[in-house]
Amino acid sequence: MTMPSSESPSSCCASCISLKDRCPRPQGLVNLLITKVCLFALLFGVVWSITGKECLPGGNLFGIIILFICSVLGGKLVGMIQLPTLPPFPPLLGMLLAGLLLRNVPYVTDAIFIDTHWSAALRNIALSIILTRAGLGLNPEALSRLKAVCVRVAVGPCMVEACTAAVVSHFLLGLPWVWGFILG
């Protein structure tokens, strides 16, 4: 396949480069805002075409998206709080506060609906994420220095709880000691 002499690859690229120089590009905050709005509209259109009414207000996906957006914003807002004598608050605190507010504010709770099965699954996932993030935030050197304290803090409350459950179940319910300790 031969190209006509008037259409050389260099002239095609040159016209694209000159067009690129003539088109104004948004800079800074405007660029970020336009990009986020376009991506959100595209994502919403795709999800709406797949799920239908689930992503509209009153649906499960709509409630989950609102919960996600509010938790991210709450995490960023709490992360920006800086007191002179304290270290900055963790963003996870803001995420938890946003979820608490969305669940307990009367009119917001009625507007944002998440099915109980979905909510239970999300709570289990969130618990594992919270525990994982907390575990990753530990300092291994400090843990190795404080081995004995870590063992006492981990084992002590469990033993006290098991013994208390055994004593209460033996005297209150009349269970044998072995069953009481199994219960504890």
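Residues numbered from 1 in each chain as written. Predicted model: local features only at pLDDT ≥ 70, side-chain atom pairs only at ≥ 80, totals over all residues. Heavy atoms only, no water.

### Observations concerning the overall build of the protein chain
On a plain count of helices and strands, the protein chain comes out with nine helices and zero strands. In the protein chain, the succession of helices and strands from N to C terminus is α-α-α-α-α-α-α-α-α. Residue pairs at least 24 apart in sequence account for 34% of intrachain contacts in the protein chain once pairs closer than 6 positions are excluded. Carbon and sulfur atoms form 75% of the exposed surface of the protein chain, whose accessible area is close to 14,800 Å². (Helix = DSSP H or I, 4+ residues; strand = E, 2+ residues; numbered from the N terminus. Contact = heavy atoms within 4.5 Å. Areas by Shrake-Rupley, 256 points an atom, 1.4 Å probe, with all protein chains shown as cover.)

### Topic: the layout of surface pockets
Unoccupied space between atoms shows up once a probe the size of one water molecule is rolled over them. The computed volume of the largest pocket comes to approximately 900 Å³. Of all the secondary structure elements, the ones that give two or more residues to the lining of the largest pocket are α3 (60-80), α4 (91-104) and α6 (116-136). Residue composition of the lining of the largest pocket, by class: 16 nonpolar, five polar and three charged. As a volume, the second largest pocket reaches approximately 330 Å³. In terms of lining, the second largest pocket is formed by Lys36, Phe40, Leu43, Phe44, Val47, Cys55, Phe62, Ile64, Ile65, Ile66, Phe68 and Ile69. Breaking the lining of the second largest pocket down by element, the ones donating at least two residues are α2 (29-51) and α3. (1 Å grid on protein atoms, 1.4 Å probe; cavity = no way out; pocket = protein on both sides within 12 Å on 5 of 7 lines; lining within 4 Å. Points joined across faces, edges and corners; volume = space filled by probe spheres on them. Nonpolar A, V, L, I, M, F, W, Y, C, P; charged D, E, K, R; others polar.)

### A word on the UniProt feature "transmembrane region" (unreviewed entry) in the protein chain
As recorded in UniProt, the sites labelled "transmembrane region" (unreviewed entry) are residues 29-50 and 62-81. Between the end C-alpha atoms of residues 29-50 there is a gap of 32 Å, over a span that is 100% helix and 0% strand. (UniProt positions renumbered as here; feature names shortened; annotations may be inferred.)

### So, the environment of Ser49
Inspection of the secondary structure assignment puts Ser49 in helix α2. For Ser49, a relative accessible area of 58% puts it in the exposed group. For Ser49, the side chain forms a polar contact with the main-chain oxygen of Val46, separated by 2.7 Å. (Buried < 20%, exposed > 50% of the residue type's maximum accessible area, 1.4 Å probe, protein only. Polar contact = N/O pair within 3.5 Å; in protein donor to acceptor, adjacent residues only side chain to side chain.)

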